[in-house]
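# Architecture at a glance
The chain contents come next:
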Amino acid sequence: MPTDVLLPALRFLLLGLGLLILLFLVPLATHALWWTAKGGRAENWSTADWSSAGLLPPAAAVPGAMVRVYAARVGRWRGIFAHHSWVVIKEAGAPRYTRYDVVGWGRPVRTDAYAPDGRWFGNEPEIVLGLDGEAAARAIPGIRAAVADYPHRSQGSYQAWPGPNSNTFAAHVVARIPDNDVPLPPTALGKDWTPPGRIAEITGLRLTWRGYVGLTIGWVDGLELNLLGAVAGLDWRRPALKLPGWGRIALIPGGDADKAVPATESERRPATDSVSG
């Protein structure tokens, strides 16, 4: 190959390698160090805390409709780079909450398998999206329909990586919420999983190959590069960086204030590990 062709090609490859290291490997490595140093996590599911985190008041104390989307870090070393997400609803006047999520054993789609605001493998959940009153009432029929028609519900269909998994399910449900402009967090590994092909959306364009590699450009999702499930990108609507492991890092203090409408004091307490989408 002629030198005048080989050298530019090598420069291009080196530039691509440098970007790969900067955008994916460095954030993952630094978050792995932080996660390891933090410690204090259960070693297995039987010793983990799955109890309520106290974010929600008793359902009877909230007369109106509510919708919450939560996410919490998964267990052990996988928490370095991934969250588990789920959806909670309560219709107006209902005496209880209903929780929907997907798990990796038995039949994947579960209803009320855990406390609505329960910890996941001992990790505290964070609110991703909150709707109250009329907005929640409008969203609930679409949420129930999305749960009912989720296509990957047969036993054995769950795949932790790259999907379909719990975040594939949550993304399927959240996409049916009317006028929603809050996506799942970039650390919701599996949210971009699709069968082979291209998916065009009202809010943008997604090109993906089974969740292994992909590109998303849109007003809601911003710019996201997906490599083996890890996401790096930019949010230009609510200025932020999206980094593998770390998730979404807001560039403007208070820029995420409109992502949810917490109804209780417990939901207003400061977050310890942001999962903003």
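## A few points about the pattern of salt bridges
Under the definition given, this model contains 13 salt bridges. Arg99 is paired through a salt bridge with Asp101; the nearest N and O atoms lie 2.7 Å apart. Relative accessible area serves as the criterion here: at 0%, Arg99 is assigned to the buried category. We classify Asp101 as buried; its relative accessible area is 0%. Across the salt bridge formed by Lys191 and Glu224, the nearest N and O atoms sit 2.8 Å from each other. Here the residue Lys191 occupies a position in the loop between α3 (166-174) and β6 (197-201), and Glu224 occupies one in strand β9 (residues 222-227), the gap between them amounting to 33 residues.

## What to know about α3
Counted residue by residue, α3 has seven buried out of nine residues, so it is predominantly covered. Among all positions of α3, only Ser166, Asn167, Thr168, Phe169, Ala170, Val173 and Val174 are buried. Of the surrounding secondary structure, the elements contacted by the buried residues of α3 are β1 (66-73), β2 (83-90), β3 (98-102), β4 (109-111) and α2 (133-148). The opening residue of α3 is Asn165, an N-cap whose side-chain oxygen sits 3.0 Å from the backbone nitrogen of Asn167.

## Focus on the side chain of His83
The topology assignment puts His83 in strand β2. There is a polar contact of 3.5 Å between the side chain of His83 and the side chain of Arg73. Within the structure, His83 has its side chain in polar contact with the side chain of Thr187 (distance 2.8 Å).

Definitions and limits used
- Residues numbered from 1 in each chain as written.
- Predicted model: local features only at pLDDT ≥ 70, side-chain atom pairs only at ≥ 80, totals over all residues.
- Heavy atoms only, no water.
- Salt bridge = Lys/Arg side-chain N within 4 Å of Asp/Glu carboxyl O.
- Buried < 20%, exposed > 50% of the residue type's maximum accessible area, 1.4 Å probe, protein only.
- Helix = DSSP H or I, 4+ residues; strand = E, 2+ residues; numbered from the N terminus.
- Contact = heavy atoms within 4.5 Å.
- Polar contact = N/O pair within 3.5 Å; in protein donor to acceptor, adjacent residues only side chain to side chain.

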